[in-house]
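Structural features, examined
Residues per chain are reported as follows:
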Amino acid sequence: MKVSFFFVILVTMDIRISDHFTYGKTLRFVMPSIAVMIFTSIYTIVDGYFVANYVGKTPFAALNLIYPMIMIISCQSFMFGAGGTALVAKYLGQNRKEKANECFSMVIYVSIITAIILSIVGYFITPGVAIVFGADEKMLPHCIAYGRIILLGLPFFELQTELQNFFVAANKPQLGFKMTAISGFANIVGDFVLVKYLGLGLRGAALATILAQMVGGMLSLLAFVKPKEGTLALGKAVFDGNDLLRTCSNGISELLNNVSMSLVSMLYNWQLISYAGENGVAAYGAIMYLDFVFYAVFLGYSLGIAPVVSYNYGANDYEELHNIYVKSLVINLFFGVLMLVFAEIMAKPLSMVFTSYDQELMEMTVHGFKIYSLAYLFAGFSVFGSAFFTALNNGKVSAAISFIRALIFETTTVIILPFFFRLDGIWAAIVLARFLSLGLTAYYFHKYKDHYRY
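Let me sum up the structure you'll find in this document. (Residues numbered from 1 in each chain as written. Predicted model: local features only at pLDDT ≥ 70, side-chain atom pairs only at ≥ 80, totals over all residues. Heavy atoms only, no water.)

Side note on the overall build of the chain
Broken down by element type, the chain carries 14 helices and zero strands. Against the globule reference of 22 Å for 454 residues, the chain gives a C-alpha radius of gyration of 21 Å, in line with a compact fold. Dimensions of the chain along its principal axes, counting C-alpha atoms only, are 60 × 45 × 45 Å. The buried share of the chain, taken over its 454 residues, is 60%. The long-range fraction of contacts in the chain, counting pairs at least 24 apart against all pairs at least 6 apart in sequence, stands at 83%. Of the accessible surface of the chain, which amounts to about 17900 Å², a share of 69% is contributed by carbon and sulfur atoms. If you average the places of the 29 positive and of the 26 negative side-chain charges in the chain, the two averages end up 5 Å apart. (Helix = DSSP H or I, 4+ residues; strand = E, 2+ residues; numbered from the N terminus. Rg over C-alpha atoms; globule rule 2.2 N^0.38 Å. Buried < 20%, exposed > 50% of the residue type's maximum accessible area, 1.4 Å probe, protein only. Contact = heavy atoms within 4.5 Å. Areas by Shrake-Rupley, 256 points an atom, 1.4 Å probe, with all protein chains shown as cover. Lys, Arg positive; Asp, Glu negative; His and termini not counted. Charge placed at Lys NZ, Arg CZ, Asp CG, Glu CD.)

The structure is reproduced here in structure tokens:
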């Protein structure tokens, strides 16, 4: 009943990106996007839960080991989604609806073709990549099985990920939430049947995920083919090289961010194998599943508010742009404090979801997560900063924030801190990295405040 009531609130709200945003209206507007990101994270979380509890620790570690490769191959979906939405929302703010639809359609068609090509390439390189990542003889077959099946569903993942951004630009964020909720439910049912009852193991978890992505991707696509209402419709595309380049340059930060995070995850796994073996990789995997949900709040907020920023920038409404900027900083601070407190209190019961079958592993995960969760106090600001500059069509600054945050700060800290604090240094690396990212983001906010008049 409570879930149904919450869902009714989402689908009945009537807020447009051209409105003036109070704190209450801002939170209501971004809530569907936050819910979308949380439900999207359920794919991997549900897989991890069923694999950890019904398949075994080695397949669970193998899933976590190969997952960074999957994210690297699929990260162009975030580039097309965020970059395309920023440009389309800007055109809508300029009242160029026909141009917005042409650009939207072109981005979707190009991204589908790209996803198909990358899916084929990924299928063949999976074994070699798994070996490079450190898979031993026990983990290698599991890495190959999960990675290859998941990559077959890449075009559908691409559609679902991108169209969630465009639902917001089309003033239909609640519909995006509905699509993702249906897809998430399909994934849970699929894992329950294929893994627990049919005993298909890691292959069953992968099949459940791509079947859910097919449901979410195709339903989302159909919503734009002949929409009953809204500002965007999928139709004839006019190829515009400049628009495609601007889409990619706008969204390059999201691509770099996801590539960098995946590379950092690889480095974490290498370090953990050295300091804690298979248990370390499994503990990190459990922490990452929890982090997906917590981090989804920041990502969802930033993705939800970005089209509003782009719209007001395109409409030259600098007063409202300033209003959104200030409220976003306050809201991200509120979310950070709230999630830090919740993570510290709930560290043990949350960790037990993935590690209750092994006492030593559970204790390592609880201890690591309590250190790791300190990063939530700072995490939202750099995520919002990157999305904010993407929305302003400044891909260079957005990319700089994402690249330096993940590939420089996180890489450096995870290499250096273990020398002094061993395993605790690995868990604490993210805390220091995100604190440094806060300072970097503040620098760019100050540098460009007069240029963009926010």
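Focus on the packing of helix α10 (residues 241-314) against helix α13 (residues 376-391)
The axes of two packed helices give the description: the angle between them and the distance between them. Orientation of α10 relative to α13, taken along the N-to-C sense of each, is 45°, at an axis distance of 7 Å. Viewed along their axes, α10 and α13 adopt a mutual orientation that is oblique. The two elements α10 and α13 cross, and the hand of that crossing is right-handed. The residue inventory of the contact of α10 with α13, partitioned by class, reads 15 nonpolar, seven polar and two charged. (Axes fitted to C-alpha atoms, helices over the stretch in contact; angles between N-to-C directions. Parallel < 35°, antiparallel > 145°, perpendicular 65-115°, else oblique. Left-handed = near helix turned anticlockwise from the far one by under 90°. Nonpolar A, V, L, I, M, F, W, Y, C, P; charged D, E, K, R; others polar.)

As for the nonpolar core
Residues F389 and Y454 are the most contacted members of the largest nonpolar core, which totals 140 residues. Sorting elements by how many residues they give to this core places α10 first, with 26 residues. The contacts of F389, once residues within four sequence positions are left out, are N394, G395, V397, S398, I401, Y444, F445, Y448, Y452 and Y454. (Core = buried A, V, L, I, M, F, W, Y, C linked by side-chain atoms within 4.5 Å.)

Describing a nonpolar patch on the surface
Residues F185, V189, F192, V193, Y197, L198, L200, L207, L211 and M214 make up a contiguous nonpolar surface patch of roughly 910 Å² in combined accessible area. Of all the elements in the fold, those that place two or more residues in the nonpolar patch are α8 (173-197) and α9 (201-225). For the nonpolar patch, the element with the highest residue contribution is α8, accounting for five residues. Along the chain, F192 falls in helix α8. Residue class for F192 comes out partly exposed when judged on its relative accessible area of 35%. (Patch = residues over 30% accessible without salt bridge, like charges linked within 9 Å, V, L, I, M, F, W, Y side chains within 5 Å. Salt bridge = Lys/Arg side-chain N within 4 Å of Asp/Glu carboxyl O.)

Looking at unusual backbone geometry
Here N393, not a glycine, exhibits a phi torsion of approximately 65°, which is positive. Phi at R422 is positive, roughly 50°, even though this residue is not glycine. Considering the arrangement of structural elements, one finds R422 in helix α14 (residues 395-452). Judged by its relative accessible area of 54%, R422 is exposed.

A few points about the pattern of salt bridges
All chains considered together, the criterion is met by five salt bridges. Put simply, D243 and K99 hold a salt bridge, and the shortest N to O gap is 3.0 Å. Within this pair, whereas D243 is found in helix α10, its partner K99 is found in helix α5 (residues 97-132), the two being separated by 144 residues in sequence. Judged by its relative accessible area of 3%, D243 is buried. Across the salt bridge formed by D243 and R246, the nearest N and O atoms sit 3.9 Å from each other. Within this pair, D243 and its partner R246 are both found in helix α10, separated by three residues, close to a single helical turn. Taking relative accessible area as the criterion, R246 reaches 33% and is therefore assigned partly exposed. Each of K99, D240, D243 and R246 takes part in a single network of salt bridges with overlapping partners.

So, the environment of I305
Along the chain, I305 turns up in helix α10. I305 gets classed as buried once you look at its relative accessible area, which sits at 1%. Excluding residues that lie within four positions of it along the chain, I305 makes contacts with T26, V30, I324, S328 and F384.

A short note on helix α12 (residues 359-372)
The end-to-end C-alpha distance of α12 is 20 Å, a good match for the 20 Å that 14 residues give at a rise of 1.5 Å each. Where α12 is concerned, the buried positions are L361, M362, M364, T365, V366, G368, F369, I371 and Y372. The residue sitting at the N-terminus of α12 and contributing the capping side-chain oxygen is D358; that oxygen lies 3.2 Å from the backbone nitrogen of E360. (Expected span 1.5 Å × (residues − 1). Polar contact = N/O pair within 3.5 Å; in protein donor to acceptor, adjacent residues only side chain to side chain.)

Focus on the packing of aromatic side chains
Overall, the coordinates contain 40 aromatic pairs when judged by the stated rule. Their ring planes at 85° and their centres at 6.4 Å tell us that F50 and F192 sit as a pair that is edge-to-face. In this pair, F50 is assigned in helix α2 (residues 23-54) and F192 in helix α8, connecting sequence segments 142 residues apart. On the accessibility criterion, F50 (7% relative accessible area) is buried. Ring centres of Y325 and F445 lie 5.2 Å apart, and the angle between their planes is 80°; this geometry places the pair in the edge-to-face category. Linking Y325 in helix α11 (residues 318-355) with F445 in helix α14, this pair joins segments that are 120 residues apart in sequence. The exposure classification of Y325 matches that of F445, with both residues buried. The ring centre of Y123 lies 4.4 Å from the NZ or CZ of R148, which sits over that ring. In this arrangement the basic side chain of K327 is found over the ring face of Y23, its NZ or CZ atom lying 4.9 Å from the centre. (Phe/Tyr/Trp six-rings, centres within 6.5 Å; stacked < 30°, edge-to-face > 60°. Lys NZ or Arg CZ within 6 Å of the ring centre and 35° of its normal.)

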